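Results of the structural survey
The primary structure of each chain is shown beneath.
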Amino acid sequence: MVLPMFPKSQITYFVTILFFVLQLTQTLSQFHYFGYYCDETIGNYTKKSDYKTNLNLLLPKLTDQASESHFDNHTVGEGIDKTYGLYLCRGDLNDQQCHDCIDAAVLSASEKCPVEKSVIVWYEECMVRYSNQSIFEIEDETLLTYSWSTPNVTEPEKFQTVFGEAVDTVIDQAAYNESNKGYATAEEQITLFQTVYVMGICTPDIIGNLCERCLRVALSSMAGCCGTARVNQQMYLPSCWLRYDNAPFLLDSNQGFPPESSPDSHSSSFDSPPSEDSPPTPSDITIMNDVLQLELAIIDTILKHDTNTTQPDLFDMNNPLIQKCHNIFGLNQ
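Reading the values: the criteria
Residues numbered from 1 in each chain as written. Predicted model: local features only at pLDDT ≥ 70, side-chain atom pairs only at ≥ 80, totals over all residues. Heavy atoms only, no water. Helix = DSSP H or I, 4+ residues; strand = E, 2+ residues; numbered from the N terminus. Buried < 20%, exposed > 50% of the residue type's maximum accessible area, 1.4 Å probe, protein only. Contact = heavy atoms within 4.5 Å. Areas by Shrake-Rupley, 256 points an atom, 1.4 Å probe, with all protein chains shown as cover. Pairing = 2+ DSSP bridges. Axes fitted to C-alpha atoms, helices over the stretch in contact; angles between N-to-C directions. Polar contact = N/O pair within 3.5 Å; in protein donor to acceptor, adjacent residues only side chain to side chain. Phe/Tyr/Trp six-rings, centres within 6.5 Å; stacked < 30°, edge-to-face > 60°. Disulfide = S-S within 2.5 Å. Salt bridge = Lys/Arg side-chain N within 4 Å of Asp/Glu carboxyl O. Expected span 1.5 Å × (residues − 1). Parallel < 35°, antiparallel > 145°, perpendicular 65-115°, else oblique. Left-handed = near helix turned anticlockwise from the far one by under 90°. Nonpolar A, V, L, I, M, F, W, Y, C, P; charged D, E, K, R; others polar.

1. Brief notes about the overall build of the chain
Counting its regular elements, the chain contains eight helices and eleven strands. Burial status across the chain gives 51% buried among its 333 residues. Across the chain, every contact between residues at least 6 apart in sequence was considered, and the portion connecting residues at least 24 apart equals 70%. Accessible surface computed for the chain: about 15700 Å², of which carbon and sulfur atoms make up 49%.

Below, the structure is given as structure tokens:
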């Protein structure tokens, strides 16, 4: 998303920002943020560095390509400042939804990891990843983010049997059916009133044995972190995702986006596959709060605006809300 520059003292500048803020609010609200990772071990970049210049060229390429395909990767630059980026969308999204989700993920990456060279942002529907090192055709299981429900299923033994068959089918279809491009789903009835819905997805550049390995790691991590009889669980790794639920969660084009996970759920992020003793570290997102504050402030200023008076608070470019907006849209970079 590119925001054009206007004279900073003119009301049209803020009307234009408001338009983009409203558009951003609508985009972010469609998708369910899940987690992020800023790799602080690789190093940071500065706003005027060649790496930042390359990143500014890379991210729009990913967003634009997402309107045509559900997975792609790109590089920009050469040498130590070369940037590698990829994105992945869930198979049930259409092209426009994929584009909008990647757009939201790119904005979240800039907010959550403003100077780190290696970043991953997961939404339930998509993922964006970039680095100064090659991330293509590599099965990465070094970190993950996940969530699980508090309630357990009512018939755990029967659930495990049915779920085990369904997840084996999903892993096999995602890994070895090339026409699926790394994406597979299944649903199986457990009782007359209970069904389990399963989804597995790998980045298409690792389909085959590496995809199966990644999804098996996700499956074993579910048991390691959260038990084997939860109502729903999600495991998101850099190279694959695995999810199941007792309610449909895939997109129904006739009904719009399904609701996010049950309120009786928990989420955590770890640098390695979790164990039962791993302490949870909740993740959250602040972009929506910043956007809404800015939105209200701009509306208030526009309503009160008088051409014969000044509005020093909002019209001051040192205003924290304006600086926040510039940071979100990359206007200072």
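2. Some words on the side chain of Thr63
When you line up the elements, Thr63 lands in helix H2 (residues 50-65). Those residues in contact with Thr63 that lie beyond four places of it in its chain are His99, Ile102, Asp103 and Val106.

3. Some thoughts on the sheet that holds strand S3 (residues 83-89)
Spatial ordering of the open sheet is given by S1-S4-S5-S3-S2, a layout of five strands whose pairing is antiparallel. Whereas interior strands pair on both sides, the edge strands pair on one side only; in this sheet they are strand S1 (33-44) and strand S2 (71-76). The sheet shows a mean angle of 10 degrees between the axes of neighbouring strands, direction not considered. Direction of pairing for S1 relative to strand S4 (residues 116-123): antiparallel, over a ladder of seven bridges.

4. So, the side chain of His99
Relative to the helices and strands, His99 resides in helix H3 (residues 95-112). At 3.1 Å, the side chain of His99 forms a polar contact with the side chain of Asp100. In this structure, His99 is in contact with Thr63, Asp64, Ala66 and Ser67, ignoring residues within four places of it in sequence.

5. Observations concerning the packing of aromatic side chains
By the definition in use, this model includes nine aromatic pairs. Ring geometry for Phe34 and Tyr236: centres 4.5 Å apart, planes at 35 degrees, overall tilted. Of this pair, Phe34 sits in strand S1 while Tyr236 sits in strand S9 (residues 233-236), placing them 202 residues apart in sequence. Residue Phe34 shares its accessibility class with Tyr236, and that shared class is buried. Chaining the aromatic ring pairs together yields one cluster made of Phe34, Tyr236 and Trp241.

6. Some words on the state of the cysteines
Scanning the model with the defined rule gives six disulfides in all. Across the disulfide from Cys101 sits Cys126; the S-S distance is 2.1 Å. Taking the torsion about the sulfur-sulfur bond, which here is approximately -85 degrees, the covalent link between Cys101 and Cys126 counts as left-handed. With Cys101 in helix H3 and Cys126 in strand S5 (residues 126-131), this pair connects stretches of sequence that are 25 residues apart. The burial state of Cys101 is the same as that of Cys126; both residues are buried. Residue pairing for Cys214: its cysteine sulfur links by disulfide to Cys240, the two sulfurs lying 2.1 Å apart. Judged by the sign of its S-S torsion, about -90 degrees, the cystine formed by Cys214 and Cys240 is left-handed. Of the two residues, Cys214 is situated in helix H5 (residues 209-226) and Cys240 in strand S10 (residues 240-245); the sequence distance between them amounts to 26 residues.

7. Description of the pattern of salt bridges
Evaluated as defined, the whole model comprises seven salt bridges. The closest approach of N and O atoms between Glu124 and Arg243, which form a salt bridge, is 3.2 Å. Of this pair, Glu124 sits in the loop between S4 and S5 while Arg243 sits in strand S10, placing them 119 residues apart in sequence. Across the pair, exposure class does not vary: Glu124 and Arg243 are buried alike.

8. Section: the environment of Glu178
Structurally, the position occupied by Glu178 is in the loop between helix H4 (156-176) and strand S7 (183-191). In the structure, Glu178 is positioned 30 residues away from Gly208 in sequence and 8.4 Å away in space, judged by C-alpha atoms.

9. Here we look at H4
Owing to its 3.6 residues per turn, the α-helix brings residues three or four apart onto one side. Here H4 spans 29 Å end to end across 21 residues, near enough to the 30 Å set by a 1.5 Å rise per residue. What H4 keeps buried is the set Phe159, Val162, Phe163, Ala166, Val167, Val170, Ile171, Ala174 and Ala175.

10. Digging into the packing of H4 against H5
Contact pair H4 / H5: the axes reach a minimum separation of 8 Å and the direction vectors enclose 150 degrees. Here H4 lies roughly antiparallel to H5, going by the angle between them. Considering how the two elements wind past one another, H4 and H5 form a crossing that is right-handed. Contact with H4, carried on its side by Phe163, Val167, Asp168, Ile171, Ala174, Ala175 and Tyr176, involves Asn209, Cys211, Glu212, Leu215, Arg216 and Leu219 of H5 and no other residues of that element. Each residue belonging to the contact of H4 with H5 can be placed in one class, and the counts come to nine nonpolar, one polar and three charged.

This is a description of form; function is not addressed.
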